[in-house]
There are 2 protein chains.
Amino acid sequence: MRQLVAVLGTGVVDASDAVVTADDLGINRGDGVFDAARVVSDAAGVRVELLEPHLARFARSHQKMGMAEPDLAAWRALIEEAVAAWDVPGEAILKLIATRGLEHEPGAPGASFLTLTAADTAPCPPLRVITLTTGRASDAFADAPWLLGGVKSLSYAVNVAMAREAKRRGVDDVLFTSSDGYCLEGPRSGLLVRFGDAFVTTPVAGTGILDSVTIGVVAEGLRSRGLAFSERLVTPAELIASDGGWLLSAGRGVAEIVALNGSPLATDAEASALLCELAGFGTA
Amino acid sequence: MRQLVAVLGTGVVDASDAVVTADDLGINRGDGVFDAARVVSDAAGVRVELLEPHLARFARSHQKMGMAEPDLAAWRALIEEAVAAWDVPGEAILKLIATRGLEHEPGAPGASFLTLTAADTAPCPPLRVITLTTGRASDAFADAPWLLGGVKSLSYAVNVAMAREAKRRGVDDVLFTSSDGYCLEGPRSGLLVRFGDAFVTTPVAGTGILDSVTIGVVAEGLRSRGLAFSERLVTPAELIASDGGWLLSAGRGVAEIVALNGSPLATDAEASALLCELAGFGTA
């Protein structure tokens, strides 16, 4: 493993050092937040892509969880220190983690640290995908803030279980579906679908999905080229009949869905190349 | 805070020592399991109540998560060491935590540790409770093992958020309800309702609720006294009109629901005393 660990208030530490205490709410209850951004290390140096939108979402996750506002200046300084110490060429992921605090010492600070980890797969892979239900309707989060819709919380056991189920069934990834039959998002990615010259993604409001930074950047690019981009719910049948579907994330980039539940999707090299470019992954 | 921490393979450590590394799936994804048992320290010594049923459930949680089987003999030895070092009289909670492993080093062991924490509240308190929906139907978990129904996972952020919502609304606890309108369980407790001489609890199958060790023991006691005990779904209206409702857990014991969503419930000192006794909390 090529990983660097840095702790807020301390700086870079040995990656094998323990950094979380037994009473931390993060390890006890998955009670904390994270965000992840792409890091590219090449001849031009090491840079974190779209750091500010990721920091902004990290702060929004804090707010939605009722956690104290993060000290973004301190985080930026820690990221700068970590990036300066990072010497692995190629793609990597920067992950920020902050927990609510300790369970039995109200007011005591919890763990706040980052990891820089070398990417272990090539970006923008083709994906065979299955749908798995979240068991919730597409509007279940509308009036239920306690369900933590849109929060990148540390409570991702179900997301990980879904990825295990995909592996068990011999496919690459999962598309969450709602109990009323709509496509939502992947366990760690957002959905983009093409119908002719129009692109659509899942609405954030009510569905509980995450506001994807990568989809936000791609949407801006599509609109600036005069292409339609909007939010609406799509069924798996519509996705299969569409002109192309992709799962987007900061680390993996723009991954084209080549099959859903065993049914092939239209693949579209030209659209994939455009989306990869808009997402900052060069031409595919 | 009066807390003791012990690490599997190491033994008792300083409670302020960090015990979880940055790459651990437990802190990154809430990907791990826990269980919690009551500890009583009195003139007769320190004892863990119902340790074996809690260890059995801990092992079932491992299994449902697809984690390697826990070494229960090693856990028993660690618990014995911790209990021998525990010198705080009164009630305490023993919590066991085991994570799946590391995120970027497949096969490497994750954190496995226990905490012993002095209880900060008196057992068996009366509770004013509100209902909050989980957004899922009462049968949502029947064919969806990836939703991790019945697993005491470390991904408890929603449970904690619900407890925060209760506090915000000025009540003591929450009763989860399904989207089709049934009572399920509390964020950290199981539900028992009395109708005349019959007691009912929420069915485990399909609902995703946890199999409560405390309710299991109480059910056995009720049946041995010739009282009816069965599983069935109850609506909030039925609960309000019932002859008594309780939230049961290993730590807090048998807590009587005195109001639900502002409506008073029938309270029943005799039944409460019996339930407390059956749960091992003496006569109330």
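Conventions used here
- Residues numbered from 1 in each chain as written.
- Chains lettered and ligands numbered in written order.
- Predicted model: local features only at pLDDT ≥ 70, side-chain atom pairs only at ≥ 80, totals over all residues.
- Heavy atoms only, no water.
- Contact = heavy atoms within 4.5 Å.
- Buried area = accessible area lost by both parts, 1.4 Å probe.
- Salt bridge = Lys/Arg side-chain N within 4 Å of Asp/Glu carboxyl O.
- Domains from an automatic or database assignment.
- Polar contact = N/O pair within 3.5 Å; in protein donor to acceptor, adjacent residues only side chain to side chain.
- Helix = DSSP H or I, 4+ residues; strand = E, 2+ residues; numbered from the N terminus.
- Least-squares fit on C-alpha atoms with pLDDT ≥ 70 in both.
- Pairing = 2+ DSSP bridges.
- Axes fitted to C-alpha atoms, helices over the stretch in contact; angles between N-to-C directions.
- Parallel < 35°, antiparallel > 145°, perpendicular 65-115°, else oblique.
- Left-handed = near helix turned anticlockwise from the far one by under 90°.
- Nonpolar A, V, L, I, M, F, W, Y, C, P; charged D, E, K, R; others polar.
- Buried < 20%, exposed > 50% of the residue type's maximum accessible area, 1.4 Å probe, protein only.
- 1 Å grid on protein atoms, 1.4 Å probe; cavity = no way out; pocket = protein on both sides within 12 Å on 5 of 7 lines; lining within 4 Å.
- Points joined across faces, edges and corners; volume = space filled by probe spheres on them.

Draft legend 1. Quick look at the interface of chain A and chain B. Counting residues at the interface gives 52 residues for chain A, matched by 52 residues for chain B. When chain A packs against chain B, the two sides together hide about 4500 Å² of surface, and 60% of this comes from carbon and sulfur. Three residues stand out in chain A for area buried against chain B, namely Ile 27, Arg 29 and Trp 146 of chain A, and they jointly supply 19% of the buried area on that side. Counting across the interface, chain A meets chain B through four salt bridges. Note that Glu 103 of chain B is salt-bridged to Lys 95 of chain A, the shortest N-O span being 4.0 Å.

Draft legend 2. Representation of the domain arrangement of chain A in the model. All names here are of chain A. Domain parsing of chain A yields domain 1 (3-118) and domain 2 (127-278). In this complex, domain 1 contributes 22 residues to the contact, which on the side of domain 2 involves 15 residues. Here domain 1 packs against domain 2, burying approximately 1500 Å² in sum over the two surfaces, 68% of which is carbon and sulfur. Contact with domain 2 buries area across many residues of domain 1, yet Phe 34, Arg 57 and Lys 64 alone supply 38% of it, more than any other trio. Along the contact surface separating domain 1 from domain 2 lie one salt bridge. One salt bridge in this structure joins Arg 60 and Asp 211, with 3.5 Å as the shortest N-O distance. At the boundary of domain 1 and domain 2, one finds six residue pairs in polar contact (both at pLDDT 80 or more). Going through the elements one at a time, helix H1 (25-29), strand E4 (32-42), helix H2 (51-64) and strand E6 (90-99) are the ones with two or more residues in the side of domain 1 that touches domain 2.

Draft legend 3. Here's a closer look at the relation of the copies chain A and chain B. Mapping chain A onto chain B calls for a rotation angle of 180° and an axial translation of 0.0 Å; the resulting RMSD is 0.0 Å. Read as a symmetry element, the transformation amounts to a two-fold axis. For chain A, the smallest separation between a C-alpha atom and the rotation axis is recorded for Ser 155 of chain A, amounting to 2.0 Å. When you check the interface residues of chain A against chain B, 100% turn up at the interface there too, and the contact is symmetric in its surfaces.

Draft legend 4. Molecular detail of the sheet that holds strand E2 (residues 11-13) of chain B. Residues and elements named next belong to chain B. Across the sheet, which stays open at both edges, the six strands sit in the order E2-E1-E7-E6-E4-E5 with antiparallel pairing between neighbours. A strand with exactly one partner marks an edge of an open sheet, and here the two such strands are E2 and strand E5 (45-48). Along the sheet, successive strands turn relative to each other by an average axial angle of 25°, direction set aside. Alignment of strand E1 (residues 3-7) against E2, held across three bridges, turns out to be antiparallel. Bridge pairing links Val 7 to Gly 11 in E2. The strands touched by helix H2 (residues 51-64) within the sheet are strand E4 (32-42), E5 and strand E6 (90-99), with E4 carrying the most contacts at an inclination of about 170°. Across the sheet, helix H3 (residues 72-85) is in contact with E1, E2, E5, E6 and strand E7 (112-118); its angle to E7 comes to roughly 30°.

Draft legend 5. The arrangement of the packing of H2 of chain B against H3 of chain B in detail. All names here are of chain B. Axis separation between H2 and H3 bottoms out at 11 Å; the angle between their running directions is 135°. Relative to H3, H2 is oriented oblique. Note that H2 runs across H3; the crossing there is right-handed. Contacts between H2 and H3 involve Leu 51, Glu 52, Leu 55, Phe 58 and Ala 59 on the former and, on the latter, Leu 72, Trp 75, Arg 76 and Ile 79. Split into classes, the residues belonging to the contact of H2 with H3 amount to seven nonpolar, no polar and two charged.

Draft legend 6. Main features of the pairing of E6 of chain B. Residue and element names in this part refer to chain B. Of all ten residues that make up E6, seven are buried, and the element is covered over most of its length. Pairing of E4 with E6 involves ten bridges; the strand directions are antiparallel. Note that in E6 the partner of Val 40 across the bridge is Glu 91.

Draft legend 7. Structural detail: empty space enclosed by the protein. All names here are of chain A. Per the counting criterion, the structure on display carries one cavity of 30 Å³ or more. Residue lining of the largest cavity: Asp 35, Ala 36, Ala 37, Leu 51, His 54, Leu 94 and Leu 96, and that is the complete set. Those elements giving two or more residues to the lining of the largest cavity turn out to be E4, H2 and E6. The residue makeup of the lining of the largest cavity, split by class, is five nonpolar, one polar and one charged.

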